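# Survey of secondary and tertiary structure
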Amino acid sequence: MALDKPYTDVPGTIIFDADQSRKGYWLNQFCMSLMKAANRERFKADERAYLDEWPMTEEQKQAVLARDLNWCMRTGGNIYFLAKIGATDGKSFQQMAGSMTGMTEEEYRDMMIKGGRSAEGNRYLGENGDAQPQNQPQGAAGNKKD
């Protein structure tokens, strides 16, 4: 990671670059294995046992078990590979994206229909917009008390 990476200052964004690709290789390979029905069944039957067949880090396994896609991305997961987990769980991409923003599926859909988030305050961490870490999650789903 010797290169200067100015794009790391974009709030709420994890850029899938070469470093992330190396870090998440086995996590993403696990996700791709879910394209086969037999593997999906094995995973659903005993998630931990199936994950333990893969040389992923413990943190990556915990992120998958928690179904925390943002955490998975921070550990090297690529959203297009991670979508296989959502599909295995019967989730749409819209439901998955909503969960990643702290919004309900309906809130996320409505936001996107209205043109998505404003660029104001979402360009870099020095701005104080709604995508800033201190303002997350902003949707009703993120405000639920368990």
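Our structure is the block above this text.
Definitions and cut-offs
- Residues numbered from 1 in each chain as written.
- Predicted model: local features only at pLDDT ≥ 70, side-chain atom pairs only at ≥ 80, totals over all residues.
- Heavy atoms only, no water.
- Helix = DSSP H or I, 4+ residues; strand = E, 2+ residues; numbered from the N terminus.
- Buried < 20%, exposed > 50% of the residue type's maximum accessible area, 1.4 Å probe, protein only.
- Contact = heavy atoms within 4.5 Å.
- Areas by Shrake-Rupley, 256 points an atom, 1.4 Å probe, with all protein chains shown as cover.
- Axes fitted to C-alpha atoms, helices over the stretch in contact; angles between N-to-C directions.
- Parallel < 35°, antiparallel > 145°, perpendicular 65-115°, else oblique.
- Left-handed = near helix turned anticlockwise from the far one by under 90°.
- 1 Å grid on protein atoms, 1.4 Å probe; cavity = no way out; pocket = protein on both sides within 12 Å on 5 of 7 lines; lining within 4 Å.
- Points joined across faces, edges and corners; volume = space filled by probe spheres on them.
- Nonpolar A, V, L, I, M, F, W, Y, C, P; charged D, E, K, R; others polar.
- Core = buried A, V, L, I, M, F, W, Y, C linked by side-chain atoms within 4.5 Å.
- Salt bridge = Lys/Arg side-chain N within 4 Å of Asp/Glu carboxyl O.

Summing up its helical and strand segments, the chain has 9 helices and 0 strands in all. Its helices and strands in sequence order give the chain the pattern α-α-α-α-α-α-α-α-α, from N to C terminus. Across the 146 residues in the chain, those meeting the buried criterion constitute 35%. Considering only residue pairs separated by 6 or more positions, the chain has 49% of its internal contacts joining residues 24 or more positions apart. Accessible surface, the chain: about 8800 Å² in total, of which carbon and sulfur atoms supply 54%.

Right, let's get into the packing of helix α7 (residues 79-88) against helix α8 (residues 93-101). Axis separation between α7 and α8 bottoms out at 10 Å; the angle between their running directions is 110°. On the basis of the axis angle, α7 is roughly perpendicular to α8. Seen from α7, the contacting residues are Ile79, Leu82, Ala83 and Gly86; seen from α8, they are Phe93, Met96 and Met100.

Let us look at the packing of helix α2 (residues 25-33) against α7. When two helices pack together, their arrangement is captured by the angle between the axes and the distance separating the axes. Put simply, α2 and α7 touch, their axes get as near as 8 Å, and they point 45° apart. By the angle class used here, α2 and α7 are oblique. Seen from above, α2 lies across α7 with left-handed handedness. Residues Leu27, Asn28, Phe30, Cys31 and Met32 of α2 touch α7, and the partners they reach there are Phe81, Leu82, Lys84 and Ile85.

The residue Arg67 is not glycine, and still its phi comes out positive at about 55°. Mapping Arg67 onto the fold places it in the loop between α5 (58-66) and α6 (69-74).

The next subject is the layout of surface pockets. Left-over empty space is what a probe sized like a water molecule reveals as it rolls over the atoms. Space inside the second largest pocket adds up to approximately 270 Å³. When contributions to the lining of the second largest pocket are tallied by element, the ones reaching two or more residues are α7 and α8. The element that contributes the greatest number of residues to the lining of the second largest pocket is α8, accounting for 4 residues. For the lining of the second largest pocket, the residue count by class is 5 nonpolar, 5 polar and 4 charged.

It is worth spelling out the nonpolar core at this point. In this structure, Leu27, Phe30, Phe43, Val64, Leu82 and Ile85 are the most contacted members of the largest nonpolar core, which totals 20 residues. Breaking this core down by element, the ones donating at least two residues are α2, α4 (47-51), α5, α6, α7 and α8. Other than its neighbours up to four places away in sequence, Leu27 contacts Met56, Gln60, Val64, Cys72, Thr75, Gly76, Gly77 and Leu82.

With respect to the helices, strands and loops of the structure, Ala37 is situated in helix α3 (residues 37-45). On the accessibility criterion, Ala37 (44% relative accessible area) is partly exposed.

Going through the model one piece at a time under the given rule, you end up with 9 salt bridges. The shortest N-O distance in the salt bridge between Arg42 and Glu53 comes to 2.4 Å. Highlighted residues: Arg42 in helix α3 and Glu53 in the loop between α4 and α5, separated in sequence by 11 residues. Residue classification places Glu53 among the partly exposed positions, given a relative accessible area of 48%. Note that Asp110 and Arg109 form a salt bridge whose closest N and O atoms lie 3.2 Å from each other. The partly exposed category is assigned to Asp110, whose relative accessible area is 34%. Take Arg109: its relative accessible area is 34%, and that puts it in the partly exposed class. Because the salt bridges share partners, they merge into one network encompassing Arg48, Asp52, Glu58 and Lys61.

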